Amino acid sequence: MTVELNHTIVAAHDKKTSARFLADILGLEVSPQYGPFIPVRIPNGVTLDYMDATGPIPPQHYAFLVSEDDFDTIFARIRDAGLTYWADPFHRHVEEINTNDGGRGTYFDDPNGHNLEILTRPYGSGGQG
């Protein structure tokens, strides 16, 4: 059996701004609007389809596995944008990165409060740092 995640919908107060934020931080392109969605395609084929929402948006978590070189580039964009970042998903270790599983990772929020993460090693793939 083959199962692949194809897309997920991301609630946003301003779908265009939110899609542009993610694309700019990760170095990706915003795709043309498709119905009510503004998609951002991740290189593995999955799209995050941003959709306008009203009222409070429950925060979600989106983690992106990146290479060591891409981590450096993306992390520089996070810092250049003046974003707060954390070593942990609970936002306890501010302006730190983690070295979990022998890699590097950090968390930051998007404009809607979604908890975004970049990491260089999947969880459980190596020793704890």
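Residues numbered from 1 in each chain as written. Predicted model: local features only at pLDDT ≥ 70, side-chain atom pairs only at ≥ 80, totals over all residues. Heavy atoms only, no water.

Asker: What exactly am I supposed to notice about the UniProt feature "domain: VOC" (unreviewed entry) in the protein here?
Answerer: With numbering matched to this structure, UniProt assigns "domain: VOC" (unreviewed entry) to residues 4–121. Overall, residues 4–121 shows 21% helix and 28% strand. The separation of its end C-alpha atoms is 20 Å. (UniProt positions renumbered as here; feature names shortened; annotations may be inferred. Helix = DSSP H or I, 4+ residues; strand = E, 2+ residues; numbered from the N terminus.)

Asker: Help me out: how do you make sense of the pairing of strand β4 (residues 61–65) in this one?
Answerer: For a regular strand, side-chain orientation follows a simple rule: the groups alternate between the two sheet faces. Side chains Y62 and F64 of β4 all project onto a buried face; the interleaved residues H61, A63 and L65 project onto a face where none is buried. As judged from the five bridges shared by β4 and strand β7 (residues 115–119), these two strands associate in the parallel manner. The partner of H61 across the bridge, within β7, is N115. (Buried < 20%, exposed > 50% of the residue type's maximum accessible area, 1.4 Å probe, protein only. Pairing = 2+ DSSP bridges.)

Asker: Help me understand the sheet that holds strand β3 (residues 47–52) in this model?
Answerer: The strands making up a sheet are joined through hydrogen bonds of the backbone, oriented either antiparallel or parallel. The three strands are arranged β1-β3-β2 in an open sheet whose pairing can be described as mixed. Edge positions in the open sheet fall to β1 (7–12) and β2 (38–41), since each of these has one partner strand only. Along the sheet, successive strands turn relative to each other by an average axial angle of 25°, direction set aside. Helix α1 (residues 15–26) contacts β1, β2 and β3 of the sheet and is inclined by roughly 150° relative to β3. (Axes fitted to C-alpha atoms, helices over the stretch in contact; angles between N-to-C directions. Contact = heavy atoms within 4.5 Å.)

Asker: For this particular structure, what's the right way to read the packing of aromatic side chains?
Answerer: To describe a pair of aromatic rings, one takes the distance between the centres and the angle between the planes. Considering all chains together, one arrives at two aromatic pairs under this definition. Relative to F75, the ring of F71 lies with its centre 5.7 Å away and its plane at 20°, an arrangement referred to as stacked. Of this pair, F71 and F75 are both found in helix α2 (residues 68–80), four residues apart, which corresponds to roughly one turn of the helix. Across the pair, exposure class does not vary: F71 and F75 are buried alike. (Phe/Tyr/Trp six-rings, centres within 6.5 Å; stacked < 30°, edge-to-face > 60°.)

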